[in-house]
Amino acid sequence: MSHDRLGPRAVMRSVTLLTAGALAVPLLSGCSSEDRAGRPLAAQDIAPAARAQIADGGTLRWAVDAVPATFNTFQADADATTTRVAQAVLPSMYRLDATGRPRRHPDFLESAEVVDTEPKQVVLYRLDQQAVWSDGREIGAADFAAQWRALSGRDSAYWTARNAGYDRIEKIERGANDLEVRVTFARRYADWRSLFSPLYPKDVMGTPDAFNDGARRKLKVTAGPFSVKQVDRENDRIRLTRNPRWWGRPAKLTEIVLTAVPRDERADRLADGDLDLAEIDPAAAHGIDSAAGAAGPLSGPGAGRTAAKALRSWAVVDDSTTDAEDAADEETHARGELREAVAAWERQRKELRGYEVRKSLEPAYTQLALNGADGPLADERVRRAVARALDREELAKVVLKPLGLPSEPVGSHLALSGQEAYADNSGALGGQDTEEAQALLADAGWVVGGPVDKPEKGEKAAGAEGEDSEGKESEGGKSEEGGKSDGDDKSEGGDDGTYIVGQDGKAPTEHGRDHEDHGRQLAQDGRQYLNRQGAPGAYAPKGTAAPAGAAREALAKDGKALTLRFVLPTGPGSESLRLVAGRITRMLEKVGIRTETTKVSDESYFKDHIASGEFDLALYSWPASAFPATDARPIYAKPVPGADGSLSVEQNYTRVGTDQVDQLFDQALSTLDEKEGRSLLRKADARIWAAAGSIPLYQRPQLTAVRKNVVNAGAFGFQTPVYEDMGFLEKGAKASASPARK
């Protein structure tokens, strides 16, 4: 599909369109009022079932990445499991539906509305009259006020990670009765629905000591369908049991056991029958799918033994000569081990037949980040050239198509398809266009065949500054270790192992080991010896055209070659990410941009490289938010120089920002007109596209292994899980087909 929405004027030579603000204006003035959010690209896949079909009782064993360091979601070291527990045991005024939009939680909130806008915005919450904490106390204004004071940012004794929205509140007071809470804002706040989800009891929020330490190791007082029964850090396990004071629909499950299982161990734990629910990588998903079918002669242990090898092995055993006795003994022992391995493999396959893979798209997207702080990418024309060199449709297909998931590129930085703020604004930058990319580079002074000074000792090519860590690949993606470029591997797609900010505790997944081994086996491939610096067709008769898609000669400026440092993690689960990076490398070669790939450990990837700015190009992911005016602003805010000369970037690791984008975010955050707010966010997104600091690529895949009789659980997509409705099917009952499977 085409992403160029600007019409004929958009294809003017890029030399006349130099600033993000100027570029975005024609598009922004033509925005229509129609709903451009669309629908989610993939439906959730949870095997939906009515509560009457679900057995009463049972324990759901759910794999998570880690037992969290804290159960306080507002602290810096909170992780995905912190959120998972909070969703099951704490009040939330709003939760997300299947389209990623906030909906009132009826068990806690009878209504919530803006009752005044002048002189101040006032929101009136009416709580459910049965809503109580697990200690029997009513949920009320005192809990709201305590959370506001803790998160307002006015008292530095509270060790908070964020205070967005709470810093706009002026006061909180009791309404006409104990069930009403009036929240008055000092400044208008469009995303007021994001507040008090979750809501902690005043015992946790009331004092700095309680906030800082009271909910780190345990949660004594809760108010959800489940409560925290046990936190077993020695065995990496959390037990959630039914809350006897829960006033809503009773939980079908007796308990949920959250067990920390590393991603690369989940396939084995599933095969052993130790889990009922686990997010997995494509390799594990393939194992489950293949277990459901018939095993062929080339699968399983001993698959490499051909008929001839098997015949020879039996001949060795039958040989009665003395010289063959030792060999026969060894062969007999080997066959015995093989029989045991085959038996174990069959047992695992039988166990895996009890699972199915439920799949959707995760509410997060992977992007290519371009560091605009210095070097060649400080020039907007070079950033735009990188973007115009990319075929985003191809990159999305590489990851998603093998998994049977929609492979449409993401068209927004601020929302995903189906969410209210979504609109495909990629036309503000334009789609893949090699000629436009080359023209932009030429206008920026990067020319073919320019003189290149021999670098002094320790000096690197333009854009390749900073120390190398672990492996390094040379220009064109050829590995100095002798392997093929990652971009040459064939992939089954899947989870790219990238880091999601706000889920830093999430362990990377592992898949595709076969691909790495395949690369080593083909190290002798003659393609790795190609002279990538030579001009295409240089050895053909004069006048012969270069092959289509061939790499262009390197570009140079001021005596330096145009080489960008591409930083990638090396850990398990990053194979798909490296595959995408290899494809990007080849796309950039076609316009004359060389890359130097630096592979670093997972531990240092984000902290020492992304956050510190030690990269030119990098791949990582952002989660999608239902409240982008609040949550996305720090990601795209213009960096501010400090008095000491340092740069305050908040979460804008690309260091690219504009005053116009900041102003649009501020306006969107302050309007109470939802339609106007969406329009402002879409304008901001168009300008972010035009600045070319980050290029959204694809929505991340979500693969979940689930025992077949588990219902209302699996690949949740956007939706907040409904924990009280999860359970095991009654015997003889059948779940409805998920929309994803219809």
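Residue numbers run consecutively from 1 along every chain, following the written order of its sequence. Per-residue local features of the predicted model are confined to residues with pLDDT of at least 70, and side-chain atom pairs are confined, for both listing and counting, to 80 or more; whole-chain, interface and lining totals are unaffected and use all residues. Side-chain numbers here rest on the full set of heavy atoms in the structure, without hydrogens or water.

Glancing now at the overall build of the chain. Only DSSP runs of H or I covering at least 4 residues are called helices, and only runs of E covering at least 2 are called strands; the numbering of each starts at the N terminus. Broken down by element type, the chain carries 19 helices and 24 strands. By residue count, 52% of the 742 residues in the chain fall in the buried class. Contact between two residues is taken to exist if any of their heavy atoms lie within 4.5 Å; hydrogens are not considered. Relative to all contacts within the chain whose residues are 6 or more apart in sequence, the contacts with residues 24 or more apart total 76%. Carbon and sulfur atoms make up 48% of the accessible area of the chain, which amounts to about 32,300 Å² in all. Per-residue accessibility, obtained with a 1.4 Å probe over protein chains only, is compared with the maximum for each type, and a residue is labelled buried under 20%, exposed over 50%, and partly exposed between these values. Each accessible area is a Shrake-Rupley estimate made with a 1.4 Å probe; only the visible protein chains count as cover when residues are assessed.

The subject of this paragraph is the pattern of salt bridges. Think of a salt bridge as a Lys or Arg side-chain nitrogen and an Asp or Glu carboxyl oxygen that are within 4 Å of each other. Overall, the coordinates contain 33 salt bridges when judged by the stated rule. Here Asp-276 ties to Arg-707 by a salt bridge, and the two come within 2.9 Å at their closest N and O atoms. Here Asp-276 is found in the loop between helix H6 (266–271) and strand S11 (277–279), whereas its partner Arg-707 is found in strand S22 (residues 694–707), with 431 residues between them in sequence. Each of Arg-51, Arg-249, Glu-724 and Asp-725 takes part in salt bridges that share partners, so that together they form one network.

What follows is about the sheet that holds strand S15 (residues 555–557). Read across the open sheet, the three strands follow the order S13-S15-S16; overall the sheet is antiparallel. Edge positions in the sheet fall to strand S13 (447–448) and strand S16 (560–561), since each of these pairs with one other strand and no more. Strand pairing is assigned whenever DSSP detects at least two bridges linking the two strands. Both S13 and S15 contribute to a ladder of two bridges, which runs antiparallel. Along S15, the bridge assignment pairs Val-448 with Leu-555.

Any residue with an atom within 4 Å of a point lines the site, the site being either a cavity, points on a 1 Å grid over the protein atoms alone where a 1.4 Å probe fits but cannot get out, or a pocket, an open set with protein on both sides within 12 Å along at least 5 of 7 lines. Grid points are joined across faces, edges and corners, and a volume is the space filled by probe spheres set on the points. Scanning the model with the defined rule gives seven cavities of 30 Å³ or more in all. When its volume is computed, the largest cavity comes out at roughly 140 Å³. As for the largest cavity, its lining consists of 17 residues, and the residues nearest its centre are Tyr-636, Asn-652, Thr-654, Val-656 and Ile-688. Elements with a contribution of two residues or more to the lining of the largest cavity: strand S19 (617–623), helix H17 (633–636) and helix H19 (674–691).

With that out of the way, let us pick up helix H15 (residues 602–610). Those residues of H15 not exposed but buried are Asp-602, Ser-604, Tyr-605, Phe-606, His-609 and Ile-610. Contacts made by the buried residues of H15 are with strand S17 (563–569), strand S18 (594–600) and S19.

Within a predicted model, pLDDT stands for the predictor's per-residue confidence, ranging from 0 to 100. Mean pLDDT for the chain: 82, with 76% of residues reaching 70 or above. Confidence drops under a pLDDT of 50 for residues 1–33, and excluding neighbours within four residues, the segment shows 57 contacts in the predicted structure. Across residues 464–470, confidence stays below pLDDT 50; counting only partners more than four residues off in sequence or on other chains, it has 22 contacts.

Let's shift gears to the pairing of strand S12 (residues 355–370). In terms of burial, S12 is largely enclosed, as 13 of its 16 residues are buried. Pairing geometry for S12 and S22, over 12 bridges, is antiparallel. Across the sheet, the residue bridging to Ser-360 is Gln-702, located in S22. Here seven bridges tie S12 to S19, and the two strands are oriented antiparallel to one another. Pairing of Leu-368 across the sheet is with Leu-619, part of S19.

One can describe the packing of helix H18 (residues 659–670) onto H19 by two numbers: an axis separation of 9 Å at closest approach and a directional angle of 165 degrees. When the interaxial angle is binned, H18 and H19 end up roughly antiparallel. Where H18 crosses over H19, the handedness of that crossing is left-handed. In contact with Gln-660, Val-661, Leu-664, Phe-665, Gln-667 and Ala-668 of H18, H19 contributes Gly-677, Leu-680, Leu-681, Lys-683, Ala-684, Arg-687 and Ile-688. Each residue belonging to the contact of H18 with H19 can be placed in one class, and the counts come to eight nonpolar, three polar and two charged. The convention used is that axes are lines fitted to C-alpha atoms, helices contributing only their stretch in contact, and that angles between N-to-C directions extend from 0 to 180 degrees. Roughly parallel here means an angle under 35 degrees, roughly antiparallel means over 145, roughly perpendicular means 65 to 115, and every remaining angle is called oblique. Here is the rule for handedness: rotate from the far helix to the near one, and if that takes an anticlockwise turn smaller than a right angle the crossing is left-handed, while a clockwise turn gives right-handed. Residue type decides the class: Asp, Glu, Lys and Arg count as charged, Ala, Val, Leu, Ile, Met, Phe, Trp, Tyr, Cys and Pro as nonpolar, and the leftover types, Gly among them, as polar.

Okay, a negative patch on the surface next. Put simply, a patch holds well-exposed residues, over 30% relative accessible area, that have no salt bridge, with like charges counted together within 9 Å and Val, Leu, Ile, Met, Phe, Trp or Tyr side chains within 5 Å. Think of it this way: Lys and Arg go in the positive column, Asp and Glu in the negative one, and His and the chain ends go nowhere. Charge coordinates come from a single atom per side chain, which is NZ of Lys, CZ of Arg, CG of Asp or CD of Glu. Taken together, the side chains of Asp-264, Glu-265, Asp-268 and Asp-272 present a region of like negative charge at the surface. Following the sequence through the fold, Glu-265 ends up in the loop between strand S10 (255–260) and H6.

Where helix H10 (residues 380–389) contacts helix H12 (residues 434–443), the two axes come as close as 8 Å, and the packing angle between them is 165 degrees. One way to sum up the angle between H10 and H12 is to call them roughly antiparallel. The hand of the H10/H12 crossing is left-handed. In this structure, H10 contributes Arg-381, Val-382, Arg-384, Ala-385, Arg-388 and Ala-389 to the contact, and H12 contributes Thr-434, Glu-436, Ala-437, Leu-440, Leu-441 and Asp-443. For the contact of H10 with H12, the per-class residue count stands at six nonpolar, one polar and five charged.

It is worth spelling out the sheet that holds strand S6 (residues 169–174) at this point. Spatial strand order, S4-S5-S7-S6: four strands in an open sheet with antiparallel pairing. The strands lining the two open edges of the sheet, one partner per strand, are strand S4 (109–116) and S6. Strand-to-strand twist in this sheet, taken as the mean axis angle between neighbours without regard to direction, amounts to 20 degrees. In terms of strand pairing, strand S5 (residues 122–127) meets strand S7 (residues 180–185) through five bridges, oriented antiparallel. Within S7, the position partnered with Val-123 by the bridge is Val-183. Helix-sheet contacts for helix H3 (residues 141–151) involve S5, S6 and S7, and the interaxial angle to S6 is about 160 degrees.

The next subject is H10. For H10, the buried fraction is high: nine of the 10 residues fall into the buried class. Every buried residue of H10 is listed here: Glu-380, Val-382, Arg-383, Arg-384, Ala-385, Val-386, Ala-387, Arg-388 and Ala-389.

So, about unusual backbone geometry. The peptide bond linking Glu-118 to Pro-119 adopts the cis configuration, its omega dihedral lying at 0 degrees. Residue position: Pro-119 is located in the loop between S4 and S5. Here the amide bond leading from Ser-197 into Pro-198 is cis, since omega sits at 5 degrees, within 30 degrees of zero. Note that Pro-198 resides in the loop between S7 and helix H4 (202–205). At Ala-47, a position not held by glycine, the phi torsion is positive, near 50 degrees. With respect to the secondary-structure elements, Ala-47 resides in the loop between helix H1 (20–29) and strand S1 (59–64). Backbone geometry places Arg-655, a non-glycine residue, at a positive phi of 60 degrees. Tracing the sequence through the fold places Arg-655 in the loop between strand S21 (647–648) and H18. Among the residues examined, Arg-655 registers a relative accessible area of 15% and is labelled buried.

A word on the nonpolar core. What is meant by a nonpolar core is a set of buried Ala, Val, Leu, Ile, Met, Phe, Trp, Tyr and Cys residues, joined one to another through side-chain atoms within 4.5 Å. With 102 residues, the main nonpolar core has Met-93, Tyr-125, Phe-196, Leu-240 and Tyr-636 as its most contacted residues. In terms of residues, this core owes the most to one element, H3, which gives seven residues. The contact partners of Tyr-125, leaving out residues within four places of it in the chain, are Met-93, Leu-109, Ser-111, Ala-112, Phe-144, Leu-179, Glu-180, Val-181, Val-183, Trp-192 and Phe-196.

The topology assignment puts Thr-704 in strand S22. Dropping the residues within four chain positions of it, Thr-704 is found in contact with Leu-277, Ala-278, Glu-279, Ile-280, Glu-356, Val-357, Arg-358, Gly-714 and Ala-715.

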